Amino acid sequence: MPRLTTWIALAILITACSSDANETKEKIPDVAADRVLFTTSFEDFEGWVAENPSLNKEKAHTGLYSIKVDQNIEFSQTYTNQLARLSPKRFDKVRLTAWGYLTAPGAAALVFQITRADQTSVFYEKIDINKVNSWEQVSKVLTLPTVLDPMDQVRIYLWRASATAPAYLDDMKLSVEP
């Protein structure tokens with residue numbers, strides 16, 4: 001009987017230790033996740049933003065929602081945030097990634113812009129979306145100017161450009177590049 005009790009106690013101890021190891025492993029932050037400044041698939045916008053025709057359920061890369069532009073909507077809803085709110089640390093490079101979809105030949109663009117409080121543009125870069133009738137992942141590393149102020153605002157949006165038919169954007173992510 002003492003031998004059986006010893007084995008049971010040992011089994012409980014091993015189970016408890018392995019459970020602690022799993023909890024510790026989950027608490028260790030993923031290095032790549034630490035660099036993500038912003039990510040959305042637009043699912044969380046419903047009910048939190050004013051009704052806007054660019055937020056739609058017509059086509060989505062994941063989930064139900066995406067944003068769109070068409071001949072009546074030149075600019076989609078815009079993600080806006082101050083640099084200081086995105087990260088307490090200064091960063092020199094970011095990667096902007098998203099999935100775009102054109103329904104007809106033309107071009108739409110994912111725009112990344114930084115503006116001052118007086119709305120003057122400090123930085124502007126666009127990523128063209130060109131693939132028709134298929135989701136296309138677009139991504140670009142952006143090197144930011146050194147003259148940025150923590151109160152400057154980041155703006156990210158879909159622009160119609162030369163597209164005459166609907167263009168969609170989903171699964172957007174902004175992350176710091178090393």
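This section reports on the structure supplied with the text.

1. Re the packing of aromatic side chains
Thought 1: According to the stated counting rule, one finds 5 aromatic pairs in the structure shown.
Thought 2: Ring centres 5.7 Å apart and planes at 80 degrees place the aromatic pair F75 and Y157 in the edge-to-face group. Separated by 82 residues along the polypeptide, F75 in the loop between β3 (66-69) and β4 (79-82) and Y157 in strand β9 (residues 153-159) bring together distant segments of the chain.
Thought 3: Taking the relative accessible area as the measure of exposure, Y157 reaches 11% and is therefore buried.
Thought 4: Geometrically, the ring pair formed by Y101 and Y168 is edge-to-face, given 6.4 Å between the ring centres and 70 degrees between the ring planes. Residue Y101 is found in strand β5 (residues 93-102), and its partner Y168 is found in strand β10 (residues 167-176); the two are separated by 67 residues along the sequence.
Thought 5: Among the residues examined, Y101 registers a relative accessible area of 10% and is labelled buried.
Thought 6: Y168 gets classed as buried once you look at its relative accessible area, which sits at 4%.
Thought 7: By the ring-pair criterion, three or more aromatic residues cluster together here, those being Y101, W135 and Y168.

2. Describing the pairing of strand β7 (residues 121-129)
Thought 1: Pairing geometry for strand β6 (residues 108-115) and β7, over 8 bridges, is antiparallel. Among the inter-strand pairings, A108 is bridged to a residue of β7, identified as I129.
Thought 2: Remark: 5 residues form the turn of the hairpin made by β6 and β7, two consecutive strands paired antiparallel; Q119 in that turn has positive phi of roughly 75 degrees.

What counts, and where the lines are drawn
Throughout, residues of each chain are indexed from 1 in the direction in which the sequence is written. Per-residue local features are limited, in this predicted model, to residues with pLDDT of at least 70; the limit for side-chain atom pairs, both in listing and counting, is 80 or more; totals at the level of whole chains, interfaces and linings are taken over all residues. Heavy atoms throughout the structure, all of them, feed into the side-chain values; hydrogens and water do not. Centre distance within 6.5 Å is the pairing criterion for rings of Phe, Tyr and Trp, where only the six-membered ring of Trp is used; planes under 30 degrees apart are then read as stacked, over 60 as edge-to-face, and the remainder as tilted. We count a stretch as a helix when DSSP gives it H or I for four or more residues in a row; a strand needs E for two or more, and each element gets its number in order from the N terminus. We call a residue buried when its accessible area falls under 20% of the maximum for its residue type, exposed when it is over 50%, and partly exposed in between, using a 1.4 Å probe and counting protein chains only. The rule for pairing is simple: two strands pair if DSSP sees at least two bridges between them.

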